[in-house]
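One letter stands for each residue in the lines below.
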Amino acid sequence: MSARVITEIPGEASRRLLAEQAAVESSARAYPRLTPIAISHGDGAYLTDVDDNVFLDFLTGAGVLVLGHNDPELLRAAQAQLEVSTHGLDFPTSAKQDFTRELLRMLPEAMRNKTKIHFCGPTGADGVEAAVKLCKTFTGRSGVVSFHGGFHGSTQSTLALTGLRASKELPGNPSISSFFPYSYCHKCPLGLSPESCSVNCIQYLENMLNDPSGGTPRPAAVILELVQGEGGVIPARLDFVRRLRELTRELDIPLIVDEVQTGCGRTGTWYAFEQYGIEPEVVVSSKALGGGHPVSVILFDERLDGWKPAAHTGTFRGNQLAFAAGATQIRVMERDDVLGNVRKVGVHMKDGLRRLQERHDFIGDVRGLGLMLGVEFAPLGSWSAGEVVDRVRTAALRRGLIFEPAGRDGCVARFLPPLNLTREEADEALDILAAAIGEVAESAESLRGHLDR
Ligand code: PMP
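Residues numbered from 1 in each chain as written. Predicted model: local features only at pLDDT ≥ 70, side-chain atom pairs only at ≥ 80, totals over all residues. Heavy atoms only, no water.

### Here's the deal with the environment of Asp49
Phase 1: With respect to the helices and strands, Asp49 occurs in strand S2 (residues 46–49).
Phase 2: Put simply, Asp49 and Leu421 are 372 residues apart on the chain and 20 Å apart in space, counted from C-alpha to C-alpha.
Phase 3: In contact with Asp49, not counting residues within four places along its chain, are Ser14, Ile37, Ala38, Ile39, Ser40 and Phe55.
Phase 4: Looking at Asp49, its side chain comes within polar contact range of the main-chain nitrogen of Asp51, at 2.9 Å. (Helix = DSSP H or I, 4+ residues; strand = E, 2+ residues; numbered from the N terminus. Contact = heavy atoms within 4.5 Å. Polar contact = N/O pair within 3.5 Å; in protein donor to acceptor, adjacent residues only side chain to side chain.)

### Some remarks on unusual backbone geometry
Phase 1: Note the cis peptide between Ile9 and Pro10, where omega equals -5°.
Phase 2: A positive phi angle, close to 65°, is found at Ala310, a residue other than glycine.
Phase 3: Within the fold, Ala310 resides in the loop between strand S12 (296–301) and helix H11 (320–335).
Phase 4: Classification of Ala310 as exposed rests on a relative accessible area of 64%. (Buried < 20%, exposed > 50% of the residue type's maximum accessible area, 1.4 Å probe, protein only.)

### Observations regarding the packing of aromatic side chains
Phase 1: One pass over the full model with this rule turns up eleven aromatic pairs.
Phase 2: Ring plane angle 75° and centroid distance 5.3 Å describe the contact between Phe119 and Phe323, whose orientation is recorded as edge-to-face. Taken as a pair, Phe119 in strand S4 (residues 115–120) and Phe323 in helix H11 lie far apart in primary sequence, 204 residues in all.
Phase 3: A residue is classified by how much of its surface remains accessible, and Phe119, at 7% relative accessible area, is buried.
Phase 4: With relative accessibility at 0%, the residue Phe323 sits in the buried group.
Phase 5: Among the aromatic side chains, those forming a connected cluster through ring pairs are Phe58, Phe403 and Phe415. (Phe/Tyr/Trp six-rings, centres within 6.5 Å; stacked < 30°, edge-to-face > 60°.)

### As for the nonpolar core
Phase 1: Counting residues in each nonpolar core, the largest one holds 104 residues, and the members touching the most others are Phe147, Phe240, Leu353 and Phe377.
Phase 2: Top contributing element to this core by residue count: helix H14 (residues 423–452), with ten residues.
Phase 3: Dropping the residues within four chain positions of it, Phe377 is found in contact with Phe362, Ile363, Gly364, Ala385, Val388, Val389, Val392, Cys411, Ala413 and Ile437.
Phase 4: The next biggest cluster of nonpolar side chains, apart from the first, holds 19 residues, and it includes Ala130, Ala131, Ala221 and Ile298. (Core = buried A, V, L, I, M, F, W, Y, C linked by side-chain atoms within 4.5 Å.)

### Re the site of the ligand
Phase 1: Close to the ligand lie Thr123, Gly124, Ala125, Phe151, His152, Gly153, Glu225, Glu230, Asp258, Val260, Gln261 and Lys287.
Phase 2: The contact in question runs from an oxygen atom of the ligand to an N or O atom on the side chain of Gln261, over 2.8 Å.
Phase 3: Within the side chain of Lys287, a nitrogen or oxygen atom sits 3.1 Å from a nitrogen atom of the ligand.
Phase 4: Taking 390 Å² as the accessible area of the ligand by itself, protein coverage stands at 82%.
Phase 5: With respect to the detected pockets, the ligand is housed in the largest pocket.
Phase 6: Residues that form the shell around the ligand fall into these classes: three nonpolar, five polar and four charged. (Near = heavy atom within 4 Å. Areas by Shrake-Rupley, 256 points an atom, 1.4 Å probe, with all protein chains shown as cover. 1 Å grid on protein atoms, 1.4 Å probe; cavity = no way out; pocket = protein on both sides within 12 Å on 5 of 7 lines; lining within 4 Å. Sits in = over half its atoms within 2 Å of the grid points. Nonpolar A, V, L, I, M, F, W, Y, C, P; charged D, E, K, R; others polar.)

### Side note on the sheet that holds strand S15 (residues 401–402)
Phase 1: The four strands lie next to each other as S1-S2-S3-S15, forming an open sheet whose pairing is mixed. Strands with a single pairing partner mark the edges of an open sheet, and in this sheet they are strand S1 (39–43) and S15.
Phase 2: Of the pairings in the sheet, the one linking S1 to S2 comprises four bridges and is antiparallel in character. Residue pairing for S2: Asp43 is matched across the bridge by Tyr46. (Pairing = 2+ DSSP bridges.)

### As for the packing of helix H9 (residues 200–210) against helix H10 (residues 238–250)
Phase 1: Packing of H9 against H10 brings their axes to within 9 Å, and their N-to-C directions diverge by 15°. The angle between H9 and H10 falls in the class roughly parallel. Seen from above, H9 lies across H10 with right-handed handedness. Contacts between H9 and H10 involve Cys201, Ile202, Gln203, Leu205, Glu206 and Leu209 from the former and Phe240, Arg243, Leu244 and Leu247 from the latter. (Axes fitted to C-alpha atoms, helices over the stretch in contact; angles between N-to-C directions. Parallel < 35°, antiparallel > 145°, perpendicular 65-115°, else oblique. Left-handed = near helix turned anticlockwise from the far one by under 90°.)

### Topic: the side chain of Gln329
Phase 1: With respect to the element layout, Gln329 can be found in helix H11.
Phase 2: What makes Gln329 buried here is its relative accessible area of 1%.
Phase 3: Only 2.8 Å separates the side chain of Gln329 from the backbone oxygen of Ala288, close enough to count as a polar contact.
Phase 4: Discounting residues that sit within four places of it in the chain, Gln329 has contacts with Val66, Leu67, Leu74, Cys264, Ala288, Leu289 and Gly291.

Scope: geometric values only; no functional claims are made or implied.
Structure (structure tokens):
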């Protein structure tokens, strides 16, 4: 299979469905605005729209479909479960206990015997809400420390933890969070050069938490994405994370790692925290975990389990299809060494992106872990970096590659391909990107020639 675009985007049939949708759905519609297609079906790394255009899908349902679209084994697992039961509140079932065992097996051995699980409502934000509530109950404190550029969900209280200002400028939005600089070395929040850095951003947090006049009371938790996703695919520096872990331990502050996007193998290990050599108190996991079906869990140090019976309930915490497909997915990923593939193809993709960077000086940075990759663009002529990404994205879409922007003003092209991506598929995406970036460079050049005249 390969990408094939045979109509304008959107084609005739997509245009009709998009118009019907726009007439009744809220203006908060998001993804179809940037990628104006109506979906027909998917197959592996490819997505077909209702006009029969075939795209390489590097969005994969916002990082959910780690084995690509319609993986036959995951489909069979969900179909079989459909005949048994679909909804189970928080009663134990065979499917649920099987999934639970697999979830624990995904953790590093040292954590398995002291970890408790709570099944949350179905979304990532539900998991984050539960994690914060657990830490508040345990510590009896109220505030949370989070980081510039972080994203933790779209509910009221997860928005309060989110660094992305535009998405939270709501009247009366509760701000329970104190924000501190994240190790974004390409554009250091403290204006320092990476060479002279001794992780001053974490030093700043340390000073504030220890300063009786720092204005930040001891928080109930610190919440961190090890690779910021929406914030622009920014892997935290190793020394930043290690020192944060030491500091939170010294001050007895639970550390929550939000692995909603980085979890389930995306970065080349089951969870990204493993690559930092740390043990967090709480891991939030969702998105890919249910093999394409909604589920979210928190995995936490049993020491924190100060919850009374029914302290955190919710109707949709027993999605049996997610349990069946999710457990199967873990086993398939292990059998097929999908994590090994993420590491191999991730390096291959990154090398290809770096070669593009050598050719184009408006590519500022190439970064990421495993198959969570981003390219940060710089402004070009009169175009802002966000406009450049927009142009590259549109040119790539016309050639059959779907991806989303991320980061400040959308200055990062972000790639979340399936984790069983082949080298050939990666090369196809790189070829499309090379052509799209080339087209944007050429039109900037001819615009400049035009203005010079
Ligand atoms: N945390 C992170 C790190 C995320 O990337 C997201 C979603 N992009 C969320 C939380 C929220 O997940 P959901 O949209 O399922 O609520």
